[in-house]
Amino acid sequence: MSLEQASEIQRRMYDFIVNYMKSEGMPPTNREIGRELNIASTGHVDYHLTMLEKKGLISRQAKKSRGIKLTKQTQDGIPVMGHIAAGEPLDIFPGATESVDVGRNFTDIDNTYALVVRGRSMIEDHICDGDYVVIKKQATCRDGDIVVAVHMQEGVSGSATLKRFFQEKEHDRVRLQPANSELDPILIPKSIWDREWQIQGKVVAIFRQCIPAA
């Protein structure tokens, strides 16, 4: 079900929960929700939370005062799941409490997450250190796509890199191309690529964190 099928008070409650979690990094308590919406009874708050849960918009952990979790990505936010630096393991956060605001005009948020870029290997594609790249989860890609490629070691994730993917059939290899003229491409024989490497997604958007002027 969607938020449009909720009552007005439930929509206001859901919006407050989303905004509270963005600003505070944790969900509100029932009392905090009640104060915001001028609902004196925590039982009344609990009823509407139950309705939001039945509509699939939130989930709750029993006997936990801040046990609300969002079950859907907010329309203008994508969870930041970690960092990516060329040649290092993916640094994945245990729980995404930060989100990157991508605006309401960005509609392709299904099955996506964001990573913070570390390093300058893609600088000539205007992907800078500290930028957010939005990754669409997928195991396949096309020539020229910017991808998250992971070198598997004994079946577990090893080093990861953010590069443009090219399949060079004439050389029977894969080329992972940096966008930095100071760096060499990674050239991988096709047999090794098939055995040891995985595509974990491709870049569908890039966002830069704006730093307010002093």
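Residues numbered from 1 in each chain as written. Predicted model: local features only at pLDDT ≥ 70, side-chain atom pairs only at ≥ 80, totals over all residues. Heavy atoms only, no water.

**Observations regarding the UniProt feature "active site" (unreviewed entry) in the chain**
Where we set the bar: UniProt positions are given in the numbering used here, feature names are shortened, and annotations may be inferred rather than shown by experiment. The secondary structure listing takes helices from DSSP runs of H or I that are at least 4 residues long and strands from runs of E that are at least 2 residues long, numbered from the N terminus. The contact criterion used throughout is that any non-hydrogen atoms of two residues lie within 4.5 Å. Pairing of N or O atoms within 3.5 Å defines a polar contact, subject to two protein rules: one partner must be a possible hydrogen donor and the other a possible acceptor, and residues neighboring in sequence count only if both atoms are side-chain atoms.
According to UniProt, the "active site" (unreviewed entry) feature falls on S121 and K163. With the annotated positions falling across 43 residues, the maximum pairwise C-alpha distance of 8.0 Å places them together in a single cluster. When you line up the elements, S121 lands in the loop between β7 (112–118) and β8 (132–136). The contact partners of S121, leaving out residues within four places of it in the chain, are A86, L162, K163, P178, A179, N180 and L183. In this structure the side chain of S121 is engaged in a polar contact, spanning 3.4 Å, whose partner is the side chain of K163. Excluding residues that lie within four positions of it along the chain, K163 makes contacts with A86, S121, M122, D145, I146, V147, L176, Q177, P178 and I186.

**Comments concerning the environment of I199**
Its place among the elements puts I199 in strand β13 (residues 197–207). C-alpha separation for the pair I199 and A160, spaced 39 residues apart in sequence, amounts to 9.7 Å. In this view, I199 contacts Q138, A139, T140, C141, V147, V148, A149, F165 and W193; residues no more than four positions away in its chain are not counted.

**A look at helix α2 (residues 30–37)**
Rule in force here: For every residue, the accessible area obtained with a 1.4 Å probe (protein chains only) is divided by the maximum for its type, and the residue is called buried under 20%, exposed over 50%, and partly exposed between those limits.
Buried within α2 we find E32, I33, G34 and L37. Summarising the contacts, the buried residues of α2 are in contact with α1 (8–24), α3 (42–54) and β2 (68–70).

**Let's talk about the packing of α1 against α2**
Selection criterion: Each axis is a line fitted through C-alpha atoms, taken for helices only over the stretch in contact, and angles between the N-to-C directions span 0 to 180 degrees. Here the angle decides the label: under 35 degrees means roughly parallel, over 145 means roughly antiparallel, 65 to 115 means roughly perpendicular, and every other value means oblique. Crossing handedness: left-handed means the near helix sits turned counterclockwise from the far one by under a right angle, and right-handed means the same turn made clockwise. Charged residues are taken to be Asp, Glu, Lys and Arg, nonpolar residues to be Ala, Val, Leu, Ile, Met, Phe, Trp, Tyr, Cys and Pro, and polar residues to be all remaining types, Gly included.
One way to put it is that α1 packs onto α2 with a least axis distance of 11 Å and a crossing angle of 120°. As the angle between them shows, α1 and α2 are arranged oblique. In the crossing of α1 with α2, the sense of the turn from one axis to the other is right-handed. Contacts between α1 and α2 involve I9, R12, M13, F16, I17 and Y20 on the former and, on the latter, E32, I33, E36 and L37. Across the contact of α1 with α2, the residue classes tally to seven nonpolar, no polar and three charged.

**Things to note about the packing of aromatic side chains**
Heads up, the rule is: In this analysis, rings of Phe, Tyr and Trp, with Trp reduced to its six-membered ring, are considered paired at centre separations within 6.5 Å, and the interplanar angle assigns stacked below 30 degrees, edge-to-face beyond 60, and tilted for intermediate values. For a lysine, the NZ atom is tested; for an arginine, the CZ atom; a charge sits over a ring if that atom is within 6 Å of the ring centre and within 35 degrees of the ring normal.
A full pass over the atoms with the stated rule returns three aromatic pairs. Taking the centre distance of 5.6 Å and the plane angle of 50° together, the rings of F165 and W193 count as tilted. Of this pair, F165 sits in strand β10 (residues 156–168) while W193 sits in helix α4 (residues 190–196), and the two are 28 residues apart along the sequence. Both residues of the pair, F165 and W193, count as buried. Centre to centre, the rings of W193 and W197 are 5.6 Å apart; their planes meet at 10°, and the pair counts as stacked. The structure contains a cluster of three or more aromatic residues connected by ring pairs, namely F165, W193 and W197. Positioned above the aromatic ring of F166 is the side chain of R175, whose terminal nitrogen or guanidinium carbon lies 4.4 Å from the ring centre.

**Here we look at the pattern of salt bridges**
The following threshold applies: Any Lys or Arg side-chain nitrogen located within 4 Å of an Asp or Glu carboxyl oxygen qualifies as a salt bridge.
Applying the stated rule across the entire model yields nine salt bridges. With a shortest N-O distance of 3.8 Å, R195 and E196 are connected by a salt bridge. Because the salt bridges share partners, they merge into one network encompassing D46, E53 and R60.

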